[in-house]
Amino acid sequence: MRERVKIMSQDYIIRATAANNQLRVFAVTSRELVEKAREIHNTSPVATAAAGRLLTAGSMMGSMMKGENDILTLQIQCGGPIGGLTVTADSSANVKCYVKQPEVLLPPNSKGKLDVAGALGPGFLNVIRDIGMKEPYNGQTHLVSGEIAEDLTYYFAISEQVPSSVGLGVLLDKENHVKQAGGFIIQVMPYAEDSVVDIVEDSVKHVHSVTDLLGQGMMPEDMIRHLMGSLDVEILDRIPTQYACNCSKERVASAVASIGRKDLQEMIDTGETVEVNCHFCGSHYYFTTGELQKFLK
């Protein structure tokens, strides 16, 4: 059974339907979890924006999964200076991330905004769902803009054949702490009427940014109603979301023990305690030569 990590957080996801179940809608406020990621990884402003967008999407997509032990991984492999990003989420919307080059610095883009697309450069988005089958489901699409929301919109359309609209935003204050973060995912069901799609497309077209909506004091429920315009909305769930890592010495020990006898013996021969760090939360784990010798046996 998966270890549960309970953290008090004000971040949450609203799951809803609209237009008599013709639309499936998710919206989230994620400021606290993105700020925690910034603190853990000491990310630069542009890396905070990139990781924050992917974490925000991961929280919503994680909440879409059904099984208690289901795990979602969003992985961006790219040629830009950030090097790559990984986010994992479970079905309880616990999320965590790893940023390959968290200190990347870039000048603003032509619009004066943080240049997330420039940090990523060309690359691929991998979406991996481990739902307990023999092999995880793996979908891959190329990055169409590097802005992450557009890339996920493209992924849903191409890889899952679900017409969708994804909005993600992270706003930093003057001290580069996270001031606002959140997002939405709107998915169109196969039986949706054209008139319903037209209303949503027109509504989304007039949204300048997610952080503008949050800055107006909108919570996820308000964002959904704003995005749905004149369509009826049914709120289904409110789901807490947080940055949480379920690493432990036992889990790390299993990874160390699996590296192979030759490498283990070399570590033992140094006679020194080995330090292993978690990429997701920065926790430090130490293994003595005696513990390493037990792994050999």
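**Examining the pairing of strand β7 (residues 137–142)**
- Bridge analysis of strand β6 (residues 123–130) against β7 gives six bridges, and the strand direction is antiparallel. Residue pairing in the sheet places Asn 126 in a bridge with Gln 140 of β7.
- What sits between the antiparallel neighbours β6 and β7 is a turn of six residues, in which Gly 132 has the positive phi angle 85 degrees.

**Remarks on the environment of Tyr 285**
- Relative to the helices and strands, Tyr 285 is located in strand β13 (residues 284–287).
- Classification of Tyr 285 by relative accessible area gives buried; the value is 13%.
- As for Tyr 285 and Cys 78, which are separated by 207 residues in sequence, their C-alpha atoms are 30 Å apart.

**Re helix α5 (residues 194–205)**
- With 12 residues, α5 should reach 16 Å at 1.5 Å per residue; the first-to-last C-alpha distance of 16 Å fits that figure.
- What α5 keeps buried is the set Val 196, Val 197, Val 200 and Ser 203. Angular distribution of buried residues about the axis of α5 spans 130 degrees; they occupy a single face of the element. Summarising the geometry of α5, the exposed residues directed more than 90 degrees from the buried face are Asp 194, Glu 201 and Lys 205.
- Those residues of α5 hidden inside the fold are in contact with β2 (23–29), β9 (178–188) and α7 (220–228).

**Points about the nonpolar core**
- Counting 66 residues, the largest nonpolar core has Met 61, Ile 76, Ile 82, Leu 85, Leu 120 and Ile 148 as its most contacted members.
- Sort the elements by how many residues they give to this core and helix α2 (residues 45–63) lands first, with 10 residues.
- Within the second largest apolar cluster, 25 residues are counted, among which are Phe 184, Met 218, Ile 224 and Leu 227.

**What about the environment of Arg 225?**
- For Arg 225, the location among the structural elements is in helix α7.
- Classification of Arg 225 by relative accessible area gives partly exposed; the value is 45%.
- Arg 225 sits 130 residues away from Val 95 along the chain, and the two C-alpha atoms are 26 Å apart.

**Looking at the state of the cysteines**
- Overall, the coordinates contain zero disulfides when judged by the stated rule.
- In this structure Cys 97 is not part of a disulfide, and its nearest cysteine sulfur, from Cys 245, lies 10 Å away.
- The thiol of Cys 278 is unpaired, and the distance to the nearest cysteine sulfur, on Cys 245, comes to 3.7 Å.
- Relative accessible area serves as the criterion here: at 12%, Cys 278 is assigned to the buried category.

Rules of the game
- Residues numbered from 1 in each chain as written.
- Predicted model: local features only at pLDDT ≥ 70, side-chain atom pairs only at ≥ 80, totals over all residues.
- Heavy atoms only, no water.
- Pairing = 2+ DSSP bridges.
- Helix = DSSP H or I, 4+ residues; strand = E, 2+ residues; numbered from the N terminus.
- Buried < 20%, exposed > 50% of the residue type's maximum accessible area, 1.4 Å probe, protein only.
- Expected span 1.5 Å × (residues − 1).
- Arc of directions from axis to C-beta.
- Contact = heavy atoms within 4.5 Å.
- Core = buried A, V, L, I, M, F, W, Y, C linked by side-chain atoms within 4.5 Å.
- Disulfide = S-S within 2.5 Å.

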